[in-house]
Amino acid sequence: MAARHFDVVVVGAGIVGLAHAYAAARRGWRVCVVERDAACVGASIRNFGFITVTGQAAGDTWRRARRARDLWAEVAPQAGIAVLHQGLWLVARRPAAAEVLQQFMHGDMADGCSLMSPAEAARRADALALADAAAVLHSPHELRVESRTAIGLLTRWLAEAHGVVFRFDEAVLQVDAPRLHTGRGMLQAERIVLCTHTDLASLQPERLAPHGLRLCQLQMLRVQPQAGFRLPGAVMGDLSLVRYGGFAAQPAAQALRQQLQREEPDALAHGIHLIAVQSADGSLVVGDSHHYGAAPEPFASADVEALILHHLRRLLRLTEGRVTERWLGQYVSSPHTDCLIDAPCDAVRRVVVTSGTGASTAFGIAEEVFDAW
């Protein structure tokens, strides 16, 4: 069977794959995206839709997030994707958490951010529960989209505006550059980008084995607050300061972690750090927990849900909070890097975001991959 020829074939239609399709299409290349499922159903539609900049690990991750945020702001209106709110509000409840923020504010990554008293924050963000807060960090950089619809809209726009060819419900069985053998035939490309995310076994698994990759499973909720409740932006709390690399690298973070281990051992044991964002219908997307393994069990825990809701109620002024949806997500995790970019040969790149930051960094990563290629 004759192979269809493209300049670039991307395997995987999650946000990392779509970002590479966009970066290639902007260069005027003929692009095809091959996706084994009938639609994107993985981590890219199960997350917060929160493009996070402030708090990302220093260096590559923070730089990529800054660039990705700018590209999201450029692409979203063209693709019909609504930016539902902007900015981040991080409430430091403990003095040790406030000290972490004080130290963070002295670094370059705090550019544009402000650290304010609880009284000042209350005047600007009355949805926050600040009675026992020590300080509040505001970042203007973040964007929030509805991930479960944004991915579909981005896919359609890439096809209509940039001529990207999408082949859904088609599994790539073998890569023998410049050829790709699929369940429906053969494709050929000058450049092949593998963005298969949690599928670590199907294509060239021997290339991934030395990197110690494992899966991280998340538990998330949709919560309906009282009528008229509005978040001023995305919201985080103390637990986020020991998970996000840009905060956790501050000297004061060690003392905060020790305090949290005494006061919040269950939250730390389940990898919980509270993030809340708001959808257009007023509901809140809330999470999340982190459990690691080669094959995490696909069962949600009522105890973990109760812990997440406990921290939500401490962070926000909620009089109602009915859970309307529950789901699990997965991403690939590495103890060594936030993103793995592998080059099995001159014609192939494999890109695996290993830190749960795909939505926040993928557009920036894709530009770097093609610039370096």
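Everything quoted here is computed from the prediction, not taken from an experiment.

Colleague: I'm lost on the overall build of the protein chain in this one. Help?
Modeller: The helix and strand tally for the protein chain stands at 11 helices and 18 strands. Taking 21 Å as the expected radius of gyration for a compact globule of 373 residues, we find that the protein chain reaches 21 Å, a close match to that expectation. The principal-axis extent of the C-alpha atoms belonging to the protein chain is close to 70 × 40 × 40 Å. Taking all 373 residues of the protein chain together, the buried fraction comes to 57%. The contacts of the protein chain with a sequence gap of at least 6 include a subset with a gap of at least 24, amounting to 77%.

Colleague: Looking at this structure, how should I read the nonpolar core?
Modeller: In terms of nonpolar packing, the biggest core is built from 65 residues, with Phe247, Leu312 and Leu316 touching the most fellow members. Excluding anything up to four places from it in sequence, leucine 316 contacts Ala127, Leu128, Ala129, Phe229, Leu231, Val235, Ala276 and Leu284.

Colleague: Is there a simple way to explain helix H1 (residues 15-26) in this structure?
Modeller: Within an α-helix, residues lying three or four positions from one another point in the same direction, as the helix has 3.6 residues per turn. When the terminal C-alpha atoms of H1 are compared, their 16 Å separation across 12 residues agrees well with the 16 Å that a helix rising 1.5 Å per residue should span. Most of H1 is tucked away, with 11 of its 12 residues classed as buried. Taken as a whole, H1 has its buried residues at Ile15, Val16, Gly17, Leu18, Ala19, His20, Ala21, Tyr22, Ala23, Ala24 and Ala25. Glycine 28 sits one or two residues past H1 and shows a positive phi near 85°.

Colleague: Explain the pairing of strand E13 (residues 275-278) here, please?
Modeller: Every regular strand shows the same layout, with side chains that alternate between the two sheet faces. The two faces of E13 match: Ile275 and Val277 on one face and Ala276 and Gln278 on the other face are all buried. The sheet contact formed by strand E12 (residues 234-236) and E13 spans two bridges and is antiparallel. Of the residues in E13, the one forming a bridge with valine 235 is alanine 276. Pairing of E13 with strand E14 (residues 284-287), which is carried by four bridges, proceeds in the antiparallel orientation. Looking at the pairing, valine 277 lines up with valine 285 of E14.

Colleague: What is the right way to read unusual backbone geometry from this model?
Modeller: Negative phi values dominate among residues other than glycine, just as trans dominates among peptide bonds. A cis amide bond links alanine 177 with the next residue in sequence, proline 178, at an omega value of 10°. Looking at where proline 178 falls in the secondary structure, it is placed in the loop between strand E8 (172-176) and strand E9 (179-182). Backbone torsion omega between glycine 287 and aspartate 288 reads -5°, so that peptide bond is classified as cis. Even without being a glycine, aspartate 169 presents a positive backbone phi close to 60°. Mapped onto the fold, aspartate 169 is located in the loop between strand E7 (165-167) and E8. Although it is not a glycine, glutamine 204 adopts a positive phi angle of roughly 50°. Tracing the chain through its elements places glutamine 204 in the loop between strand E10 (185-194) and helix H6 (205-208). Taking relative accessible area as the criterion, glutamine 204 reaches 19% and is therefore assigned buried.

Colleague: Would you mind showing me how to read the packing of aromatic side chains here?
Modeller: On inspection of all chains with the given rule, the structure shows seven aromatic pairs. Taken together, a centroid distance of 5.8 Å and an interplanar angle of 10° make the contact between phenylalanine 166 and phenylalanine 168 stacked. Using a relative accessible area of 24% as the deciding quantity, one classes phenylalanine 168 as partly exposed. Aromatic pair phenylalanine 370 and tryptophan 373: ring centres 5.8 Å apart, planes at 15°, arrangement stacked. Judged on exposure class, the residue phenylalanine 370 and its partner tryptophan 373 are both buried. If you follow arginine 148 out to its NZ or CZ, it ends over the ring of tryptophan 327, 5.5 Å from the centre. One residue, arginine 191, lies across the ring of tryptophan 373, its end atom 5.8 Å from the ring centre.

Colleague: Any chance you could explain the side chain of glutamine 250 here in plain terms?
Modeller: For glutamine 250, the position within the fold is in the loop between helix H7 (245-248) and helix H8 (253-263). On the basis of relative accessible area, glutamine 250 is assigned to the buried category, the value being 16%.

Colleague: Please explain the pattern of salt bridges as it appears in this structure.
Modeller: Side-chain pairs of opposite charge can arise where the charged atoms are in close proximity. Counted under the stated rule, the structure contains 24 salt bridges. We note a salt bridge from glutamate 367 to arginine 26, for which the minimum N-O separation is 3.9 Å. Taken together, the positions of glutamate 367 in helix H11 (residues 358-372) and arginine 26 in helix H1 put the pair 341 residues apart, joining distant regions of the chain. Overall, the relative accessible area of 41% leaves arginine 26 in the partly exposed class. Aspartate 176 is the partner of arginine 179 in a salt bridge, and the nearest nitrogen-oxygen pair spans 3.5 Å. Judged by its relative accessible area of 30%, arginine 179 is partly exposed. A relative accessible area of 35% means that aspartate 176 is categorised as partly exposed. Through salt bridges with shared partners, a single ionic network connects Arg94, Asp238, Glu263, Glu264 and Arg314.

Colleague: Help me out: how do you make sense of empty space enclosed by the protein in this one?
Modeller: Rolled over the atoms, a probe as big as a water molecule pinpoints where empty space is left. The final tally for this structure, using the stated rule, is four cavities of 30 Å³ or more. Considering only enclosed or pocket space, the largest cavity measures out at about 150 Å³ in volume. If you trace the largest cavity, you find it lined by Val91, Arg93, Arg94, Gly237, Asp238, Leu239, Ser240, Glu264, Leu274, His311, Arg314 and Leu315. Here the element with the most residues in the lining of the largest cavity is helix H10 (residues 302-315); it accounts for three residues. Approximately 60 Å³ is the volume attributed to the second largest cavity. For the second largest cavity, the full set of lining residues is Ile15, Ser44, Asn47, Gly49, Ile51, Trp72, Val145, Ser147, Ala150, Ile151 and Ala359. For the lining of the second largest cavity, the leading source of residues is helix H5 (residues 147-162), giving three residues. Tallied by class, the residues present in the lining of the second largest cavity amount to seven nonpolar, four polar and no charged.

Calculation criteria
Per-chain numbering applies: the sequence of each chain, read as written, is numbered from 1 onward. Totals for whole chains, interfaces and linings use all residues, but because this is a predicted model, local features are given only for residues with pLDDT of at least 70 and pairs of side-chain atoms are given and counted only at 80 or more. Hydrogens and waters are ignored; side-chain quantities use all the structure's heavy atoms. Helix and strand definitions follow DSSP, with helices as H or I runs of at least four residues and strands as E runs of at least two, each counted in order from the N terminus. Two things to know: the radius of gyration comes from C-alpha atoms, and the globule rule equals 2.2 Å times the number of residues to the power 0.38. Per-residue accessibility, obtained with a 1.4 Å probe over protein chains only, is compared with the maximum for each type, and a residue is labelled buried under 20%, exposed over 50%, and partly exposed between these values. Contacts are assigned to residue pairs with any non-hydrogen atoms lying within 4.5 Å of each other. Take the buried Ala, Val, Leu, Ile, Met, Phe, Trp, Tyr and Cys residues and link them wherever side-chain atoms come within 4.5 Å; each set so joined is a nonpolar core. Multiplying one less than the number of residues by 1.5 Å gives the expected span of a helix. Strand pairing is defined by DSSP finding a minimum of two bridges between the two strands. Note on aromatic contacts: the rings of Phe and Tyr and the six-membered ring of Trp form a pair at centre separations within 6.5 Å, being stacked when their planes are under 30 degrees apart, edge-to-face when over 60 apart, and tilted otherwise. Definition used: whenever NZ (Lys) or CZ (Arg) falls within 6 Å of the ring centre and also within 35 degrees of the ring normal, the charge is taken to sit over that ring. Each reported salt bridge corresponds to a side-chain nitrogen of Lys or Arg within 4 Å of a carboxyl oxygen of Asp or Glu. Points on a 1 Å grid over protein atoms alone make up a cavity when a 1.4 Å probe fits among them but cannot get out, and a pocket when they form an open set with protein on both sides within 12 Å along at least five of seven lines; lining residues each have an atom within 4 Å of a point. Grid points are joined across faces, edges and corners, and a volume is the space filled by probe spheres set on the points. Side-chain classes follow a simple rule in which Ala, Val, Leu, Ile, Met, Phe, Trp, Tyr, Cys and Pro form the nonpolar group, Asp, Glu, Lys and Arg form the charged group, and the remainder, Gly included, forms the polar group.

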